[in-house]
Amino acid sequence: MASRTMTIQLVFLLITSLFASFVLLVHGEDPYLFFTWKVTYGTASPLGHPQQVILINGLFPGPVLNSTTNNNIVLNVFNQLDEPLLLAWNGVQQRRNSWAEGTPGAQCPIPPGTNYTYHFQMKDQIGSYYYYPTLGLQRAAGGFGGITIHSRPLIPIPYDRPEAEFTVLIFDWYTQSHKDLQKMLDDGHGLDRPNGVLINGKTAKGDGKDKPMFVMKPGKTYKYRICNTGLRETLNFRIQDHRMKLAELEGSHTMQTFYDSIDVHVGQCYGVLVTADNKEHRDYVMLASTRNIHANPHLVGKDTIVLTGKAIIRYVGGHGPPPVKLPEAPVDMQWSVDQFKSFRWNLSSNAARPNIQGSYKYGQIPISRTIKLANTVGKAQNKLRYAINGVSHVDPETPLKLAEYFGVANKVFKYNIMTDNPPAKRAKIIEEPNVINITYRSFVEIIFENHEDSMQSFNLDGYSFFAVGTEPGVWTLEKRKSYNLLDAVSRHTVPVFPNHWTAILLTFDNVGMWNLRSEMAEYRYLGLQLYISILSDSVEFRDEYSLPEWQLLCGIVKNLPRPKP
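Below you will find a few notes about this structure. (Residues numbered from 1 in each chain as written. Predicted model: local features only at pLDDT ≥ 70, side-chain atom pairs only at ≥ 80, totals over all residues. Heavy atoms only, no water.)

Attention shifts here to the nonpolar core. Ranked by size, the top nonpolar core spans 49 residues in total, and within it Leu373, Ile446, Phe448, Phe508 and Ile532 carry the most contacts. Sequence-distant contacts of Leu373, defined by excluding residues within four places in its chain, comprise Ile388, Asn389, Met418, Ile446, Ile447, Phe448, Glu449, Leu516 and Leu530. Counting 45 residues, the second-largest nonpolar core is a separate cluster that includes Ile170, Ile199, Leu347 and Ile447. (Core = buried A, V, L, I, M, F, W, Y, C linked by side-chain atoms within 4.5 Å. Buried < 20%, exposed > 50% of the residue type's maximum accessible area, 1.4 Å probe, protein only. Contact = heavy atoms within 4.5 Å.)

Now the structure itself:
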């Protein structure tokens, strides 16, 4: 009898185990990746003079965050600075999860001497991105690094697997501390020209004595993931005696076109394929140069200071210093405009998921709302400020997202103080939190108008959009005839050239509080940004995650009871 009872128990345990395994197979989550980052100050000499920088795990720039499509990221950040900290994930879409966006409008800062754990998923994405600190001008000291999201093994990519991949962060650099630069802005002044350009935190002399940053085997093809993580300057990227085949742009596979050089605007990332096919197996110079783009052609060449960062690429088994003659960057703005227009989406390739050719026909979706955004500069309370449609954004003590979620938004900000069109006359700049509502799942046209003589670059958190057109002058309805409604690249950052307009189209299908900002640190800090609130009538988990139990609270919601999930 005992034996029979034991047999029944074993059978029951086996059935239970099999059922549990079945449940895991049906409901199993995507893989989790765990990271611990310690953010500290350190000393480096990127331009030959010791200065304070922000390190992550002792590295400047920080470590590359490597992942695969749909990986869940659990990242424990220890803030060992003497000031609050937030990290944002430039281009990572944070589906249903603006809680981890990393901007002061969505999250409370991590206080000094404490830690906070970010939870987010690389949902349905591939590509090249980067992270950076969003508070003040901390980005001017470092604290940034690359993000790589690889395709899942079963999803083919539209090119042969490269021999290796390299992350290349190019950025302008100041020898002043980030606190001194921030004080300069607080005192009502603008920033001067940067002191140099760096590639992965360094610059080479190119005299044959430099150590190589990258090494290539003759005949092999490599993927370079290039991101401009700087503060203000468009940088032209090129490799001596090598052509680059553009393969990916901000998470989208592109038509594979060869370029001798690429203008990388602030906030942008590109993936290019480079083959080590030069017959002279020696060192070669990688360059990133400031572009000095002006609207007025008479100014071209007048601003004679061109800053260039260099790095060395070495062939395995090669010998000899790099050739003396270095490739030059283009000089006029129209070259950059034409290159921007040349980028095309690869409609026949997969991305994070299998894709039927041309399945997303964005050009056939009716536009439900048009929002025209014009950037202006002026004075408010005797200090320099930048504004969108007359409103210069300021961050309140209570993050906008938390105020909205706790039902106290009316005590922190007002919705829609900015109109959908810029004022007919330049009005007095208003300094307020700038938050607009956009209807969930509506298809919207956003027009950026840049009436200044300097470049702009705008990023939208939580989304990718289609950059469908750019032209000089002022946008009108007639300009829609010039749109690319077939194969504009889906991307998250878009340049707006001096005295030009740029149009984007997108569906607002990601619930949350999302930051639309100038990627130029000076402009963003002085108000050239806004937040977009996407609300759903449903309280379903499928539309938005509930407030995480580990989320930091601050401002007027700090001691309020948490709403029920």
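From this point, things continue past the structure.
For Ser533, the position within the fold is in strand S33 (residues 529-534). Of note is the side chain of Ser533, whose polar atom sits 2.6 Å from the side chain of Glu404. Beyond its immediate sequence surroundings of up to four residues, Ser533 is in contact with Glu404, Tyr415, Val435, Ile436, Asn437, Ile438, Gly512 and Met513. (Helix = DSSP H or I, 4+ residues; strand = E, 2+ residues; numbered from the N terminus. Polar contact = N/O pair within 3.5 Å; in protein donor to acceptor, adjacent residues only side chain to side chain.)

Summed over the entire model, instances satisfying the criterion amount to two disulfides. Linked covalently through their sulfurs, Cys227 and Cys269 form a disulfide whose S-S length is 2.1 Å. Here the S-S torsion is close to 115°, and the disulfide linking Cys227 with Cys269 is therefore right-handed. On the criterion of sequence distance, the pair formed by Cys227 in strand S12 (residues 221-228) and Cys269 in strand S18 (residues 269-275) is long-range, its members being 42 residues apart. (Disulfide = S-S within 2.5 Å.)

On the secondary structure map, Asn459 appears in strand S27 (residues 456-460). Residue Asn459 is classed as buried on the basis of its relative accessible area, which comes to 0%. A polar side-chain atom of Asn459 sits 3.1 Å from a polar atom in the side chain of Asn90. A polar contact of 3.0 Å, which involves the side chain of Asn459, links it to the side chain of Thr493.

So, about helix H2 (residues 178-186). Among the residues making up H2, those that are buried are His178, Leu181, Met184 and Leu185. An end-on view of H2 places all buried positions within 120° of arc, on one side of the element. Buried residues belonging to H2 abut strand S1 (32-44), strand S2 (51-56) and helix H5 (521-525). Just beyond H2, the residue with positive phi is Gly188, at close to 95°. (Arc of directions from axis to C-beta.)

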